Amino acid sequence: MRDTAPAPHADRREQNAARLLRASARHSFDPLTEIDWDAPIDPDHFALPQHRVTLYGTPLWESLTPRQQARLSVHQLASATAAGIWFELVLMEGLIRHVYEGDLTTRHAQYALTEVADECRHSTMFARYIAATGYPSARPSAKAHRRGKLHFLLNDTAITFAGAIFVEEFTDAMQREMVRDESLQPLARAVARIHVVEEARHIGYAKPELERIWARMGPARRAVFRRGLLVLARLAVAELVHPRVYALSGLDVRAAERAAAANEHWRLARVDWARKALAFFTDLGVVDHRTAPHWRRAGLLD
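Residues numbered from 1 in each chain as written. Predicted model: local features only at pLDDT ≥ 70, side-chain atom pairs only at ≥ 80, totals over all residues. Heavy atoms only, no water.

Enquirer: So what's going on with the overall build of the chain? Which residues, and what values?
Expert: Per the secondary structure count, the chain includes 13 helices and 0 strands. What you see in the chain, going N to C, is helices and strands ordered as α-α-α-α-α-α-α-α-α-α-α-α-α. The C-alpha atoms of the chain give 20 Å as radius of gyration, which agrees with the globular expectation for 302 residues (19 Å, within 12%). Reported as C-alpha extents along the three principal axes, the dimensions of the chain are approximately 80 × 45 × 30 Å. Within the chain, the fraction of its 302 residues that count as buried is 50%. Here the chain displays about 14700 Å² of accessible surface, and carbon together with sulfur accounts for 56% of that area. Side-chain charges of the chain comprise 41 positive and 36 negative groups, with the mean position of each set lying 6 Å from the other. (Helix = DSSP H or I, 4+ residues; strand = E, 2+ residues; numbered from the N terminus. Rg over C-alpha atoms; globule rule 2.2 N^0.38 Å. Buried < 20%, exposed > 50% of the residue type's maximum accessible area, 1.4 Å probe, protein only. Areas by Shrake-Rupley, 256 points an atom, 1.4 Å probe, with all protein chains shown as cover. Lys, Arg positive; Asp, Glu negative; His and termini not counted. Charge placed at Lys NZ, Arg CZ, Asp CG, Glu CD.)

The following block contains the structure:
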């Protein structure tokens, strides 16, 4: 007689998705009502901890008044938030395609749609934050826009989940620092708090999916995947700080970019924020002795 019992991995998938659906029912937020969007923004409040601003500790930083330094931090967070919208749109498209190939009666597919709903609210929340700060655009750079369209064409589920893990762990680390720092701008911390709570579920969905896909990859596919993930991670981090951040602060853009690239404080920020994602990729075998030097040269690994 044929065995019709579900495979063990299918059981684990459904159990994980059911757990995430329960958590979503208990801990989901509507940022349009949870956040006081009409509260004034104090121009002397930083949006990021000072030592996490790209120019912190450089002569250019010292040339700015405290208020200008605070404003630079606001521009930097708004730029990072715009990058977040870009990535969430790419992720949502990938999740929709993932569901399109699946069975919507499963909890696994239903949670994917729940995550899309979360990301829709996050993108709206981020756009509202950008508008509130006066930052002029929520659009990605031309390079990121082109890469996003290329990802749509490739429809690589493994890269979608790996990218989600990298970006969400990276921003989660950044935003947890913001939530803990009561000296920061209340609006920025309110946005970060909602995102931290809901993104934890998204990471919990992506990691076992990537583990499952990685286990089925052959050596050639793994080699291509390793390179693709590194390219995506470097682009995502570069997208955090658009050159207009410096122009809006009255700085020479090229001089500011050179100062940031050479700034040890900014390198350590990126390493700290990437740490959890790279620990996971290392444990999985995605980052190994051959690829670690490339991640190190990208300024994302000690």
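Anyway, onward from the coordinates.
Enquirer: Give a description of a nonpolar patch on the surface that names residues and reports values.
Expert: A grouping of Ile96, Leu104 and Leu113 is seen on the molecular surface, where their side chains present a nonpolar patch of about 250 Å² in accessible area. Here Leu113 lies in helix α5 (residues 107-133). (Patch = residues over 30% accessible without salt bridge, like charges linked within 9 Å, V, L, I, M, F, W, Y side chains within 5 Å. Salt bridge = Lys/Arg side-chain N within 4 Å of Asp/Glu carboxyl O.)

Enquirer: Can you lay out the packing of helix α6 (residues 142-154) against helix α9 (residues 219-239) for me, pointing to particular residues and giving the numbers?
Expert: In contact at an axis separation of 10 Å, α6 and α9 are set at 145° when each is read in the N-to-C sense. The crossing of α6 and α9 is left-handed. Seen from α6, the contacting residues are Lys143, Ala144 and Arg147; seen from α9, they are Val231, Leu235 and Glu239. In terms of residue class, the contact of α6 with α9 is built from 3 nonpolar, no polar and 3 charged. (Axes fitted to C-alpha atoms, helices over the stretch in contact; angles between N-to-C directions. Left-handed = near helix turned anticlockwise from the far one by under 90°. Contact = heavy atoms within 4.5 Å. Nonpolar A, V, L, I, M, F, W, Y, C, P; charged D, E, K, R; others polar.)

Enquirer: So what's going on with the environment of Trp273? Which residues, and what values?
Expert: Looking at the secondary structure, you find Trp273 in helix α12 (residues 264-284). When its relative accessible area of 2% is taken as the criterion, Trp273 is described as buried. Taking C-alpha positions, Trp273 is 29 Å from Thr33, a pair spaced 240 residues apart along the chain. Among residues more than four places away in sequence, those in contact with Trp273 are Arg52, Glu169, Phe170, Ala173, Met174, Glu177 and Trp266.

Enquirer: Quick one: what's the story with the packing of aromatic side chains, residue by residue and with numbers?
Expert: Taken as a whole and assessed by the stated rule, the structure comprises 11 aromatic pairs. Measuring from ring centre to ring centre gives 5.6 Å for Phe170 and Trp273, while their planes differ by 80°; the resulting arrangement is edge-to-face. Placement of Phe170 in helix α7 (residues 157-180) and of Trp273 in helix α12 is noted, with a sequence separation of 103 residues between them. (Phe/Tyr/Trp six-rings, centres within 6.5 Å; stacked < 30°, edge-to-face > 60°.)

Enquirer: Pulling in residues and values, what's your account of the nonpolar core?
Expert: Counting 92 residues, the largest nonpolar core has Phe166, Phe225, Phe281, Trp295 and Leu300 as its most contacted members. A total of 15 residues in this core trace back to one element, the largest contributor, which is helix α4 (residues 66-100). If near-sequence neighbours (up to four positions away) are discounted, Phe281 is found in contact with Ala162, Ile165, Phe166, Leu210, Leu229, Val286 and Val287. (Core = buried A, V, L, I, M, F, W, Y, C linked by side-chain atoms within 4.5 Å.)

Enquirer: Tell me what's going on with the packing of α7 against helix α8 (residues 186-216), and back it up with residues and numbers.
Expert: Viewed as axis vectors pointing N to C, α7 and α8 meet at an angle of 150°, and their least axial separation amounts to 8 Å. Considering the angle they form, α7 stands roughly antiparallel to α8. For the crossing formed where α7 meets α8, the hand is left-handed. Taken together, the residues of the contact of α7 with α8 break down into 15 nonpolar, 5 polar and 9 charged. (Parallel < 35°, antiparallel > 145°, perpendicular 65-115°, else oblique.)

Enquirer: Can you tell me about α5, naming the residues and giving the values?
Expert: Helical periodicity: at 3.6 residues per turn, an α-helix aligns residues three or four positions apart in one direction. For α5, which comprises 27 residues, the first-to-last C-alpha distance of 39 Å matches the rise-based estimate of 39 Å (1.5 Å per residue) to within 8%. Of the residues trailing α5, Gly134 is marked for its positive phi of about 85°. (Expected span 1.5 Å × (residues − 1).)

Enquirer: So what's going on with a positive patch on the surface? Residues and values would help.
Expert: There is a patch of like positive charges on the surface, built from Lys143, Arg146, Arg147, Arg227, Arg234 and Arg297. Of all the secondary-structure elements, those providing two or more residues to the positive patch are α6 and α9. Following the sequence through the fold, Arg297 ends up in helix α13 (residues 292-297).

Enquirer: Provide a residue-level description of the pattern of salt bridges, including the pertinent values.
Expert: Pairs can form between side chains of opposite charge once their charged atoms are near each other. Taken as a whole, this structure holds 18 salt bridges when the rule is applied. Arg52 is paired through a salt bridge with Glu177; the nearest N and O atoms lie 2.8 Å apart. On the criterion of sequence distance, the pair formed by Arg52 in the loop between α2 (31-34) and α3 (59-62) and Glu177 in helix α7 is long-range, its members being 125 residues apart. Classification of Arg52 by relative accessible area gives buried; the value is 7%. For Glu177, a relative accessible area of 15% corresponds to the buried category.

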